[in-house]
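# Architecture and fold: a report
Spelled out from the first residue to the last, the chains are:
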Amino acid sequence: MRNAQGQGQHLDPVCGKALDTPEGRPTAEYKKRRYFFCSERCRHAFEKQAERFRFNELARVGALMTPGRVRWGIA
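Parameters and conventions
Residues numbered from 1 in each chain as written. Predicted model: local features only at pLDDT ≥ 70, side-chain atom pairs only at ≥ 80, totals over all residues. Heavy atoms only, no water. Pairing = 2+ DSSP bridges. Helix = DSSP H or I, 4+ residues; strand = E, 2+ residues; numbered from the N terminus. Salt bridge = Lys/Arg side-chain N within 4 Å of Asp/Glu carboxyl O. Buried < 20%, exposed > 50% of the residue type's maximum accessible area, 1.4 Å probe, protein only. Core = buried A, V, L, I, M, F, W, Y, C linked by side-chain atoms within 4.5 Å. Contact = heavy atoms within 4.5 Å. UniProt positions renumbered as here; feature names shortened; annotations may be inferred.

### Considering the pairing of strand 3 (residues 27-30)
Inspection of the sheet shows strand 3 paired to strand 4 (residues 33-36) by four bridges, in the antiparallel sense. Bridge pairing in strand 4 places Glu29 opposite Arg34. Where strand 3 folds back on strand 4, the antiparallel hairpin that results is connected by two residues, among which Lys31 adopts a positive phi of roughly 50°.

Rendered as structure tokens:
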């Protein structure tokens with residue numbers, strides 16, 4: 001996502017909070033990708049279950065990019 005100044009907007013993968021300026025925020029790297037967090041508490045929660053948060057992120061992207069192929073809800 002891009003904000004009005006053309007800078008990327010980052011989301012905290014744990015709580016979903018939008019971080020307009022990731023500078024000075026806690027970060028973690030997992031599988032060659034840098035994640036930004038609103039607090040050390042969120043960073044610690046991510047480090048405990050990084051694969052779960054990564055999978056959820058991939059599922060959201062897949063659901064957005066492939067309509068009709070990913071079904072949510074009760075089958």
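### A word on the pattern of salt bridges
A full pass over the atoms with the stated rule returns five salt bridges. The shortest N-O distance in the salt bridge between Glu29 and Arg34 comes to 3.0 Å. Classification of Arg34 as partly exposed rests on a relative accessible area of 39%. A salt bridge links Lys31 to Glu51; the shortest N-O distance between them is 3.5 Å. With Lys31 in the loop between strand 3 and strand 4 and Glu51 in helix 2 (residues 50-65), this pair connects stretches of sequence that are 20 residues apart. When salt bridges with common partners are traced through the structure, they connect Lys31, Glu51 and Arg54 into a single cluster.

### Here we look at the nonpolar core
Membership of the largest hydrophobic core is limited to seven residues, which are Ala28, Tyr35, Phe37, Cys42, Phe46, Ala50 and Phe53. If sequence neighbours within four positions are ignored, Ala28 has contacts with Arg33, Arg34, Tyr35, Phe37, Arg43, Phe46 and Glu47.

### Considerations on the UniProt feature "domain: TRASH" (unreviewed entry) in the protein chain
According to UniProt, the positions carrying the feature "domain: TRASH" (unreviewed entry) are residues 12-50. Taken end to end, residues 12-50 has its terminal C-alpha atoms 13 Å apart, with 26% of it in helix and 26% in strand.

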